[in-house]
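A look at the structure
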Amino acid sequence: MESRADDCGVFYQWPEDAVRHFDWDKYERDCRHDFTVVDAPCGGVFVFHNL
């Protein structure tokens, strides 16, 4: 996930200290409250937004 964020420029305007201290594990846990993540049959995952 981190390399995809870098490739997409997610942190483009963030200060370097903020990027370095971003907690990916906590972010993923927080997202699980708003999204449903299901394993895809050929690898990867499907992500659905819970309405």
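Above this text sits the structure in question.
The structure reproduced in this document is the subject of the present report. (Residues numbered from 1 in each chain as written. Predicted model: local features only at pLDDT ≥ 70, side-chain atom pairs only at ≥ 80, totals over all residues. Heavy atoms only, no water.)

**Structural notes on the overall build of the chain**
Stated precisely, the cut-off is as follows: Labels follow the DSSP assignment, with helices taken as runs of H or I lasting at least four residues and strands as runs of E lasting at least two, numbered in each case from the N terminus. As a reference, a globule follows 2.2 Å times the number of residues to the power 0.38, and the radius of gyration itself is taken over C-alpha atoms. When a residue's accessible area, from a 1.4 Å probe over protein chains only, is under 20% of the maximum for its type it is buried; when over 50% it is exposed; and in between it is partly exposed. Here, residues are in contact when the closest pair of their heavy atoms is within 4.5 Å. With residues, only the protein chains shown are counted as cover, and all accessible areas are computed by Shrake-Rupley using a 1.4 Å probe.
A count of helical and extended segments in the chain gives three helices and two strands. Helices (α) and strands (β) of the chain occur, in sequence order from the N terminus, as α-α-α-β-β. Compactness check: the chain gives a C-alpha radius of gyration of 13 Å against a globular reference of 10 Å for 51 residues, more than 25% above the reference. Seen through its C-alpha atoms, the chain measures out along the principal axes to roughly 35 × 25 × 20 Å. Considering the chain as a whole, with its 51 residues, one finds that 8% of them fall into the buried category. Sequence separation of 24 or more characterises 3% of the internal contacts of the chain that already satisfy a separation of 6 or more. Accessible surface for the chain amounts to roughly 4,800 Å². Of this, 53% is attributable to carbon and sulfur atoms.

The analysis is restricted to geometry; functional conclusions fall outside its scope.
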